[in-house]
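Chain by chain, the residues run as shown.
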Amino acid sequence: MSILVTGGAGFIGGNFVLDWLGVFDELVITLDKLTYAGNCETLVSLAEDERHIFIQGDIGDAECISQLLARYRPRAIVHFAAESHVDRSIHDPEAFIQTNIVGTFCLLEAARTFWNSLEGEAKADFRFLHVSTDEVYGSLAKGAAAFTENNRYEPNSPYSASKAASDHIVRACHHTYGLPVLTTNCSNNYGPYQFPEKLIPLTIVNALAGRPLPVYGDGQQIRDWLYVKDHCSAIRRVLEAGRVGEVYNIGGWNEKPNIDIVHAVCDILDELRARADGVSYREQITFVTDRPGHDRRYAIDARKIARELGWKPAETIANGIRKTVQWYLDNPQWIANVQSGAYREWVEKNYSDRAEKPAV
Ligand code: NAD
Ligand code: TYD
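Calculation criteria
- For every chain, the first residue of the written sequence is number 1, and numbering continues from 1 onward in sequence order.
- Whichever chain is written first becomes A and whichever ligand is written first becomes 1, with later ones labelled in order.
- Totals for whole chains, interfaces and linings use every residue, but because this is a predicted model, local features are given only for residues with pLDDT of at least 70 and side-chain atom pairs only at 80 or more, for both listing and counting.
- To get the side-chain values, all heavy atoms of the structure are used, and hydrogens and water are removed first.
- Whether a residue is near a molecule or strand depends on its heavy atoms: it is near if one of them lies within 4 Å of it.
- For the purposes of these results, a polar contact is taken to be a pair of N or O atoms within 3.5 Å, where, inside protein, one atom must be able to donate a hydrogen and its partner to accept one; residues adjacent in sequence count only when each atom of the pair is a side-chain atom.
- Using a 1.4 Å probe, accessible areas were evaluated by the Shrake-Rupley method; residue-level cover was limited to the displayed protein chains.
- What counts as a helix is a DSSP run of H or I of at least four residues, what counts as a strand is a run of E of at least two, and both are numbered from the N terminus.
- Each residue is assigned to one of three groups, with Ala, Val, Leu, Ile, Met, Phe, Trp, Tyr, Cys and Pro labelled nonpolar, Asp, Glu, Lys and Arg labelled charged, and all others, Gly among them, labelled polar.
- The classification of residues rests on relative accessible area computed with a 1.4 Å probe and restricted to protein chains. Under 20% of the type maximum is buried, over 50% is exposed, and intermediate values are partly exposed.
- Think of it this way: DSSP has to see at least two bridges between two strands before they count as a pair.
- Structural elements are reduced to axes, namely lines fitted to C-alpha atoms, with helices fitted over the stretch in contact, and the angle between N-to-C directions of any two is expressed from 0 to 180 degrees.
- Residue contacts follow a heavy-atom distance rule, with two residues in contact if any of their heavy atoms lie within 4.5 Å.
- Here the nonpolar core consists of buried residues drawn from Ala, Val, Leu, Ile, Met, Phe, Trp, Tyr and Cys, with membership extended through side-chain atoms lying within 4.5 Å.
- Pairing of aromatic rings covers Phe, Tyr and Trp, the last counted by its six-membered ring, and requires centre-to-centre distances within 6.5 Å; plane angles under 30 degrees mean stacked, over 60 mean edge-to-face, and any other angle means tilted.
- The rule for a charge over a ring is simple: NZ of Lys or CZ of Arg within 6 Å of the ring centre, and within 35 degrees of the ring normal.
- Should the near helix be turned anticlockwise from the far one by less than a right angle, the crossing is left-handed, and should it be turned clockwise, the crossing is right-handed.

Side note on the site of ligand 1
Among the 28 residues in the neighbourhood of ligand 1, the closest are listed as Ile-12, Asp-32, Ser-84, Tyr-159 and Lys-163. One nitrogen or oxygen atom from the main chain of Ile-12 is found 2.7 Å from an oxygen atom belonging to ligand 1. Asp-58 places a side-chain nitrogen or oxygen 2.9 Å from a nitrogen atom of ligand 1. Considering ligand 1 on its own, with 830 Å² of exposed area, one finds that the protein chains cover 96% of that surface. Per-element accounting of the shell around ligand 1 gives the leading share, 3 residues, to strand E5 (residues 127-133). For the shell around ligand 1, a count of residues per class yields 12 nonpolar, 12 polar and 4 charged.

Structure below.
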C-alpha cells in the first residue's frame, strides 16, 4: 500500500508526511516541484527511510504523474501542492492560475484515468483528497456566523480565486465522473517548517534579526489559527472516514486579530530570548500600508467534522505559538537555509513600497 502526497516539501505537506510516517508503516511518495516554498530539508530525517520516496516534479506534468501512478499504484492522493501566499498572488498571479487551477486539473485527469483502470476493492477504496482554504468563502463582517461548508464562494484575491476554481473542478470530477474525492477547507495554519513569508514565522525571524515587524493596516484583521499538527490529524481522519464527495471545514476555534498574534509572539520571545537591551520585541512592530483587497475576517465553523468524524483540534493557541517559537529558536540552520537570495528579493519587493503608518 502507498499514498501519493503532492507538495510534501512545503509547510503543511512536509508536516503531513512526517506525521503520517510516525503513525503508519506505509510507503509515501512525495511529489514536489521544489519552488521557492519547497524545502527538502524538512524531510531530511526520512533520507534513509525506505518508506519514503521523493520525486521532484510538477503536478502539471501529465506524463510524470501518469507514470508515477502506474508504477506505485497509490491507494490515495493527498493534494497539497499549490502556490499559497496571498501577497505573491497580488504581485504575480500567473503561477497561481497555472499550478492551482491548471495543475490541479492535470492531476485530476491522471487520477481519473488511473482510478478507471482499477477494479473491485482497490477502485472502491481509492481517494483523492484535495486540500483547500477557508479563503474561498471571502470576508466575514464582525459578528457574522462562521463559514460552514454551505457558504457561498466569494474569493477576493488571485490566490483564493485560484483555490476556489480548483475546488469546483474537484467537485465536478466527482459529480460527473464519480471520482472519489474529499475536499477540506482549512483556516490559517502555523507551526514548524513554515516559510518565513507568512505572518507568524516572518514575525519570529524579523524579531530575532532586529528588523521591523510589519503589521498591515490597523492589524485588526481576524484569522482563525490552527496548529499544523492538528491539521494533519484532521486530514488523516477525513481520509479514513470522510464521506466521498463531501467537504469538511477544518478550524482551530481560535479567532484572533493579527496584532494579538504579533504581540503573543513578541511576549514569548521576550521570555525565551530577551533582547540584549532588555526592551520588548513589541518595540519593533511597525504598522505599514495595507494589503490591497485585504479580507477583514475569516472564521471556520468546524462542527461538521466534529459531528461526523469525531475530530477536534488538540492544541491551544497559546501553547501552539509557544511551541512554534521554540521550534524556530531551536532550528536557526533551517531558517538560514531558506533565506536565499530569492527570499531577500521577495522581502524587498513586498515591503519596500509599504509606507510606515503611525501606530494605531
Ligand atoms: P507551501 O507554499 O508551504 O508549500 C507548497 C508546496 O507545493 C511547496 O513545497 C512547493 O514546492 C510545491 N509546489 C508548488 N507548485 C507545485 C507544482 N506545480 N507541482 C508540484 N509541487 C508544487 O504551502 P502550504 O502552506 O504548505 O499549503 C499547502 C496547501 O494547503 C495549499 O494547497 C494551500 O492552499 C492549503 N492551505 C494552506 C493554509 C496555510 O495556512 N498555509 C491554510 C489553508 C489551506
Ligand atoms: P498570511 O500569513 O500571509 O496568511 P493569509 O493572508 O493567507 O491569511 O497573513 C496572515 C494575516 O497577517 C493577514 O491578515 C495578513 C497579515 N500580515 C501582516 O499584517 N503583515 C505581514 O507582513 C504578513 C505577511 C501578513
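Observations regarding the pairing of strand E9 (residues 222-227)
Most of E9 sits inside the fold, with 6 of its 6 residues counted as buried. Across 3 bridges, strand E7 (residues 188-190) lies against E9 in parallel orientation. Within the sheet, the bridge partner assigned to Asn-188 lies in E9 and is Trp-225. Bridge count between E9 and strand E11 (residues 255-257): 3 bridges; the pairing is antiparallel. Bridged to Ile-222 within E11 is Pro-257.

Comments concerning the site of ligand 2
Close to ligand 2 lie 18 residues; Glu-135, Tyr-216, Arg-291, His-294 and Tyr-351 are nearest. In isolation ligand 2 exposes 510 Å². Once the protein is present, 97% of that is buried. Counting residues per element, the ones that place at least two in the shell around ligand 2 are helix H3 (86-91), helix H7 (199-208) and strand E8 (213-216). Of the residues in the shell around ligand 2, the class split is 7 nonpolar, 5 polar and 6 charged.

Description of the sheet that holds E9
In space, the 3 strands of this open sheet follow the order E7-E9-E11, with mixed pairing throughout. Edge positions in the sheet fall to E7 and E11, since each has one partner strand and no second. Neighbour-to-neighbour, the strand axes of the sheet open up by a mean angle of 50 degrees, direction not taken into account. Strands in contact with helix H9 (residues 258-272) are E9 and E11; relative to E11, the strand with the most contacts, it is inclined by about 85 degrees.

Comments concerning the nonpolar core
Core analysis: the biggest nonpolar cluster contains 34 residues, and Tyr-190, Ile-200, Val-265, Leu-269, Ile-285, Ile-321 and Val-325 have the highest contact counts within it. For this core, the secondary structure elements donating two or more residues are H7, E8, E9, H9, strand E12 (285-288), helix H11 (317-330), helix H12 (332-338) and helix H13 (341-351). Per-element accounting of this core gives the leading share, 7 residues, to H9. What Ile-285 contacts, discounting residues up to four positions off in sequence, is Leu-213, Val-215, Ile-259, Val-262, His-263 and Cys-266. Counting 32 residues, the second-largest nonpolar core is a separate cluster that includes Leu-43, Val-228, Val-238 and Ile-300.

Overview of the side chain of Asp-224
Within the secondary structure layout, Asp-224 lies in strand E9. Side-chain polar atoms of Asp-224 contact the side chain of Ser-187, separated by 2.5 Å. The contacts of Asp-224, once residues within four sequence positions are left out, are Ser-187, Asn-188, Gly-251, Gly-252, Trp-253, Asn-254, Glu-255, Tyr-298, Ala-299 and Ile-300.

Notes on the packing of aromatic side chains
Under the criterion given, the structure shown has 18 aromatic pairs. Ring centres of Phe-96 and Tyr-159 lie 6.4 Å apart, and the angle between their planes is 80 degrees; on these two criteria the pair is classed as edge-to-face. With a gap of 63 residues between them, Phe-96 in helix H4 (residues 94-117) and Tyr-159 in helix H6 (residues 158-177) connect regions that are remote in the sequence. On the numbers, 6.4 Å between centres and 40 degrees between planes, the contact of Tyr-216 with Tyr-351 is tilted. With Tyr-216 in strand E8 and Tyr-351 in helix H13, the pair connects residues that are 135 residues apart, well separated along the chain. Taken together, the ring pairs in this structure connect Phe-16, Trp-20, Phe-24 and Phe-80 into an aromatic cluster. Sitting over the ring of Trp-346, Arg-88 keeps its end group 4.5 Å from the ring centre.

What to know about the packing of helix H1 (residues 11-23) against helix H8 (residues 228-241)
Close contact between H1 and H8 brings their axes to 9 Å; oriented N to C, the two are set at 65 degrees. Crossing of H1 over H8 shows right-handed handedness. Listed contacts from H8 to Phe-11, Ile-12, Asn-15, Phe-16, Asp-19, Trp-20 and Val-23 of H1 are Val-228, Lys-229, His-231, Cys-232, Ile-235, Arg-236 and Leu-239. A class-by-class count of the residues in the contact of H1 with H8 yields 9 nonpolar, 2 polar and 3 charged.

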